[in-house]
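Each chain, written out:
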Amino acid sequence: MTNVLVTGGAGYIGSHACKALKAAGFTPVTYDNLVTGWQDAVKFGPFEQGDLMDRARLDEVFRKYEPAAVMHFAALSQVGEAMAKPGMYWRNNVCGSLTLIEAAVAAGCLDFVFSSTCATYGEHDNVVLDESTPQEPLNAYGASKRAVEDILRDFGAAYGLRHVIFRYFNVAGGDPEGEIGEHHRPETHLIPVMLEAVDGQRPALTVNGTDYDTPDGTCIRDYVHVCDLVDAHVLGLKWLKDGKGSRVFNLGTGKGFSVREVITAAGTVTNAEVPSSDGPRRAGDATKLVSGSVRAQEELGWVAHRSTMPQMIADAWRWHRNGHYEK
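So, how was this worked out
- Residues numbered from 1 in each chain as written.
- Predicted model: local features only at pLDDT ≥ 70, side-chain atom pairs only at ≥ 80, totals over all residues.
- Heavy atoms only, no water.
- Buried < 20%, exposed > 50% of the residue type's maximum accessible area, 1.4 Å probe, protein only.
- Helix = DSSP H or I, 4+ residues; strand = E, 2+ residues; numbered from the N terminus.
- Pairing = 2+ DSSP bridges.
- Polar contact = N/O pair within 3.5 Å; in protein donor to acceptor, adjacent residues only side chain to side chain.
- Contact = heavy atoms within 4.5 Å.
- Axes fitted to C-alpha atoms, helices over the stretch in contact; angles between N-to-C directions.
- Parallel < 35°, antiparallel > 145°, perpendicular 65-115°, else oblique.
- Left-handed = near helix turned anticlockwise from the far one by under 90°.
- Nonpolar A, V, L, I, M, F, W, Y, C, P; charged D, E, K, R; others polar.
- Core = buried A, V, L, I, M, F, W, Y, C linked by side-chain atoms within 4.5 Å.
- Salt bridge = Lys/Arg side-chain N within 4 Å of Asp/Glu carboxyl O.
- Expected span 1.5 Å × (residues − 1).
- Phe/Tyr/Trp six-rings, centres within 6.5 Å; stacked < 30°, edge-to-face > 60°.

(A) Representation of the pairing of strand S8 (residues 205-208) within the structure. Of the two faces of S8, only one is covered, namely that formed by Leu205 and Val207; the face formed by Thr206 and Asn208 stays uncovered. As paired strands, S8 and strand S13 (residues 276-279) are joined by four bridges and run parallel to one another. Residue pairing in the sheet places Leu205 in a bridge with Ser276 of S13.

Set out below in C-alpha cells:
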C-alpha cells in the first residue's frame, strides 16, 4: 500500500479524501493539529498530530511513513475571518504551506496535490470561470491560496516538484454511508447552518445580503458534492503517478444557486420550513461565482455525478440527523 500524507485529514474535505484514497488502494496518513478537525473523523489510516509550522514534526512524519505524495487540505478558509484577521491567514496558509513544501522536497516527496480555491479569481460576474480567468482575489483567503500556487510553481522549477492544483467553490453533502460528514464548531457554511435552523439547534438563518444584482437579490455560488470533489483529488494523484506534468483544474458544475434557491431546496428535502431573516452583506463576498470543469472532465475523466442540490442536501441532512464527532 502506498502512503499518502493528507494534511487536514481530520477535517471535512480531508476525511472524505482519506476514505476515497483508501478505496483506491492508498494508505492515507492524516496530519492535523485538530484546531478545526476531529480525531473521530480519522478512520481510514494512521493519525499524526502536528502543526504545519512545526518543521521538525513534519520531518519526523516524512521519515516514518516515506509518503509517495502529499494531499494538502489544511488551511483557514472563512472569508469574514480573513477580512478581519488577514495576518492570521497569511501566516497559517502561506507560511504553513511553505514549511510543508520545503519538508516534502527535503524528503524527496515530489508529487503534491493542492486544495486551492476559485476565490483566487475574485469577482467575475456573468461568466463561467475557467483556468485562464485572471486571478484577482478579494480577500486574504483567496490571496493566500494564490500565493501557495505561486510557491508550488517556483518549487517545481527549482526542485522538480510536480503538482496538481484544484480550484473550487462551495463543497456540500457528505459520505453516503454516513461514516463521516461536515462538522464545524462553530458552523458557518450555508447548508449545515440551514439544517441546524430547521432542527431548532440555532435561531433563524441570516441571509447575508439581499440587494445583489441577481434575480432574487441574494448572491449565487457553485456547489460540488464532497465525494465528487475528493474523487477528483484521487484522479489528480493518479495523474502525477502516471508521469504527467503539473496542472491546474477548476472543479464546478458550471451553474450556480442563489441563497434563496438553496433554502427552497432544503425545505423540499427536509419537508420543513427553513426559518430565515435578512441581514447585511458580508465584507469580501462576491455577487456571483460559478466555475466550469471542462478541463477536469476531458483530461482527468472527472464527472460530478452526485452534485445536484437535492442530493447534496439529502446527504448533509442524513449526517445532520445521525452523525457526530466526540473529539
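Now that the structure has been shown, we can carry on.
(B) The arrangement of the pairing of strand S11 (residues 247-251) in detail. By the criterion of burial, S11 is predominantly enclosed, with four of the five residues buried. Across five bridges, strand S6 (residues 162-168) lies against S11 in parallel orientation. The residue of S11 that forms the bridge with Arg167 is Asn250.

(C) Molecular detail of the sheet that holds strand S12 (residues 257-258). Here we have three strands laid out as an open sheet, ordered S12-S9-S14, and mixed in their pairing. Each edge of the open sheet is held by one strand with a lone partner, namely S12 and strand S14 (288-289).

(D) The arrangement of the side chain of Asn93 in detail. Position of Asn93 among the secondary structure elements: in helix H4 (residues 86-106). A distance of 2.9 Å separates a polar atom in the side chain of Asn93 from the backbone nitrogen of Leu76. Apart from residues no more than four positions distant in its own chain, Asn93 is found in contact with Ala75, Leu76, Tyr141, Ser144 and Val148.

(E) Inspection of the packing of helix H8 (residues 259-270) against helix H10 (residues 309-322) at higher detail. Running from N to C, H8 and H10 cross one another at 60°; their axes reach a closest spacing of 9 Å. With respect to each other, H8 and H10 are oriented oblique. Judged by the twist between their axes, the crossing of H8 over H10 is right-handed. Touching Val262, Ala265, Ala266, Val269 and Thr270 of H8 are Met309, Pro310, Ile313, Ala314 and Trp317, all from H10. Looking at the contact of H8 with H10 residue by residue, the class counts come to nine nonpolar, one polar and no charged.

(F) Region of interest: the environment of Lys145. In this fold, Lys145 is placed in helix H5 (residues 140-159). Once the C-alpha coordinates of Lys145 and Tyr89 are considered, the two residues, 56 residues apart in sequence, prove to be 9.4 Å apart. Those residues in contact with Lys145, other than ones at most four positions away along the chain, are Ala75, Phe114, Ser115, Ser116, Thr117 and Thr120.

(G) Molecular detail of the nonpolar core. Counting residues in hydrophobic clusters, the biggest one holds 38 residues, and the most contacted among them are Ile13, Leu21, Met71, Phe166, Tyr168, Leu237 and Leu251. Breaking this core down by element, the ones donating at least two residues are strand S1 (2-7), helix H1 (12-23), strand S4 (69-72), S6, helix H7 (226-241), S11 and helix H9 (294-300). No other element matches H7, which puts nine residues into this core. Among all residues touching Ile13, those that are not within four sequence positions of it are Phe73, Tyr168, Val171, Val226, Leu229 and Val230. By size, the runner-up hydrophobic cluster in this structure holds 27 residues, among which are Val94, Leu100, Ile101 and Phe114.

(H) Summary view of the environment of Thr2. Mapped onto the fold, Thr2 is located in strand S1. The partly exposed category is assigned to Thr2, whose relative accessible area is 35%. Those residues in contact with Thr2, other than ones at most four positions away along the chain, are Gly25, Phe26, Thr27 and Ala68.

(I) Representation of the pattern of salt bridges in the model. Within the structure shown, the criterion is met by 20 salt bridges. In this structure, Asp111 and Arg162 form a salt bridge, with 2.6 Å as the shortest nitrogen-oxygen distance. In this pair, Asp111 sits in strand S5 (residues 111-115) while Arg162 sits in strand S6, placing the two residues 51 residues apart along the sequence. With a relative accessible area of 34%, Arg162 lands in the partly exposed category. Close ionic contact of Glu131 with Arg295 constitutes a salt bridge, the shortest N to O distance being 3.9 Å. Here Arg295 lies in helix H9 and Glu131 lies in the loop between S5 and H5, a separation of 164 residues in the sequence. We classify Arg295 as partly exposed; its relative accessible area is 23%.

(J) Up close: H8. A rise of 1.5 Å per residue sets the reference length of H8, with its twelve residues, at 16 Å; its end C-alpha atoms lie 17 Å apart and thus fit the reference within 8%. For H8, every residue scored as buried is listed here: Val259, Val262, Ile263, Ala265, Ala266, Gly267 and Thr270. Buried residues along H8 sit against helix H6 (190-198), S8, strand S10 (223-225), S12, S13 and H10. Count one or two residues on from H8 and you reach Asn271, which has phi positive near 55°.

(K) Fine view of the packing of aromatic side chains. According to the stated counting rule, one finds three aromatic pairs in the structure shown. When the ring of Phe155 is compared with that of Tyr159, the centres are 5.2 Å apart and the planes differ by 45°; the resulting orientation is tilted. Placement of the pair is Phe155 and Tyr159 together in helix H5, with a separation of four residues, close to one helical turn. Using a relative accessible area of 15% as the deciding quantity, one classes Phe155 as buried. An aromatic cluster of at least three residues, connected via ring pairs, comprises Phe166, Trp239 and Phe249.

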